[in-house]
Amino acid sequence: MFNFKDLKVFEALYKEHFAFFSLVSFSIVKDKDVAKDLVQDFFMYLWEKEETLNFTISFKAYGTKAIKNLSLQHLEKNKTISLKNAKIALPKSEEELAFENTEENKKPKIQTLIDKIPQSRREILISHVVEGLSYAEIAEDQNISINTVKTQMKRAYASLRESQNTSNLKFILYFVWLIK
């Protein structure tokens, strides 16, 4: 019916239906991030199984039913896991404890690094990295030029690199995403 391997067709379907499917999933799982992940899983499935799919109803109806099923499966899977966790409390291994201690020690340091970035630059960085806004969207929201956004992003990354080595930069950005 649809040629999902055509990137433009696939992208158009994704943009048109992502928000609606996310709302359908959210109404079931009650977690925004999980809902978005399930919708992305659905679209990945479409991309991978394009040749074998053949449905006779509209794409929106097919997708809605699929998202509902994925959401219910997710709830059922997590329900089983939470029951197992409630029954058995396993002691933590030394490796897990060491990892947790390392992570706890890094958090204040990362927060300190992010706090060193000037406020306006930090807002631009968080808008792009955490909220996923494009440079054009940030420029429009803050009433500045795109080149200013590019420059501020470049300077924000540079200041993070100066404070930490490059291997920890991904961890820092991941942490920024987590605290949002």
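Look a little higher up for the structure.
Residues numbered from 1 in each chain as written. Predicted model: local features only at pLDDT ≥ 70, side-chain atom pairs only at ≥ 80, totals over all residues. Heavy atoms only, no water.

### A short note on the overall build of the protein
Going by this rule: The secondary structure listing takes helices from DSSP runs of H or I that are at least 4 residues long and strands from runs of E that are at least 2 residues long, numbered from the N terminus. A 1.4 Å probe rolled over the protein chains alone gives each residue an accessible area, and that area as a share of the maximum for its type sets the label: buried under 20%, exposed over 50%, partly exposed in between. Residue contacts are defined here by distance: any two heavy atoms, one from each residue, within 4.5 Å place the two residues in contact. We get accessible surface area from the Shrake-Rupley algorithm with a probe of 1.4 Å; when it comes to residues, only the shown protein chains can shield them.
Helix and strand counts for the protein come out as 8 helices and 0 strands. For the protein, the sequential pattern of α-helices and β-strands runs α-α-α-α-α-α-α-α. Put simply, the protein has 180 residues, and 29% of those count as buried. A sequence separation of at least 24 residues applies to 61% of the contacts in the protein between residues at least 6 apart. Put simply, the protein shows about 12500 Å² of open surface, and 55% of that area lies on carbon and sulfur atoms.

### With respect to the nonpolar core
What counts here: Remark: nonpolar core denotes a set of buried residues (Ala, Val, Leu, Ile, Met, Phe, Trp, Tyr, Cys) joined through side-chain atoms within 4.5 Å.
Counting 13 residues, the largest nonpolar core has Phe21, Val39, Phe42, Phe43, Leu46, Phe59 and Ile67 as its most contacted members. Of all the secondary-structure elements, those providing two or more residues to this core are helix H1 (7–29), helix H2 (32–48) and helix H3 (59–87). Here this core gets 5 residues from one element, more than from any other, and that element is H1. Contacts of Phe21, omitting those with residues within four sequence positions, involve Val39, Phe42, Phe43, Phe59, Lys60, Gly63, Thr64 and Ile67.

### With respect to a negative patch on the surface
The condition that has to hold: Like-charged residues are merged into a patch within 9 Å and nonpolar side chains (Val, Leu, Ile, Met, Phe, Trp, Tyr) within 5 Å, provided each residue has over 30% relative accessible area and no salt bridge. Within this document, salt bridges are pairs made up of a side-chain nitrogen of Lys or Arg and a carboxyl oxygen of Asp or Glu, the two lying within 4 Å of each other. Charge counting follows a simple rule: Lys and Arg are positive, Asp and Glu are negative, and His as well as the terminal groups are ignored. Throughout, a charge is located at the NZ atom of Lys, the CZ atom of Arg, the CG atom of Asp or the CD atom of Glu.
Negative charge collects at one region of the surface, where Asp31, Asp33, Asp37 and Asp41 lie side by side. Here Asp33 shows up in helix H2. For Asp33, a relative accessible area of 44% gives the class partly exposed.

### A closer look at the packing of aromatic side chains
Note the following rule: The criterion for an aromatic pair is that two Phe, Tyr or Trp rings (for Trp, the six-membered ring) have centres within 6.5 Å, with stacked assigned to planes under 30 degrees apart, edge-to-face to planes over 60 apart and tilted to the rest. Definition used: whenever NZ (Lys) or CZ (Arg) falls within 6 Å of the ring centre and also within 35 degrees of the ring normal, the charge is taken to sit over that ring.
In this structure the tally under the stated criterion is 10 aromatic pairs. Three or more aromatic residues joined by ring pairs make a cluster, and in this case those are Tyr14, Phe18, Phe20, Phe21, Phe42, Phe43, Phe59 and Tyr62. The side chain of Lys60 reaches across the aromatic face of Phe20, ending 4.4 Å from its centre.

### Notes on H2
Stated formally: Helix span, as expected, comes to 1.5 Å for every residue beyond the first. Polar contact is defined as a pair of N or O atoms within 3.5 Å, subject to the rule that within protein one atom must be able to donate a hydrogen and the other to accept it, and that residues adjacent in sequence are counted only when both atoms are side-chain atoms.
When the terminal C-alpha atoms of H2 are compared, their 24 Å separation across 17 residues agrees well with the 24 Å that a helix rising 1.5 Å per residue should span. Sitting at the head of H2, Asp31 places a side-chain oxygen 3.1 Å from the backbone nitrogen of Asp33.

### Things to note about the side chain of Ser71
For Ser71, the position within the fold is in helix H3. Within the structure, the side chain of Ser71 is placed 2.8 Å from the backbone oxygen of Ile67, a separation counted as a polar contact. Those residues in contact with Ser71 that lie beyond four places of it in its chain are Ser25, Ile28, Val29 and Leu38.

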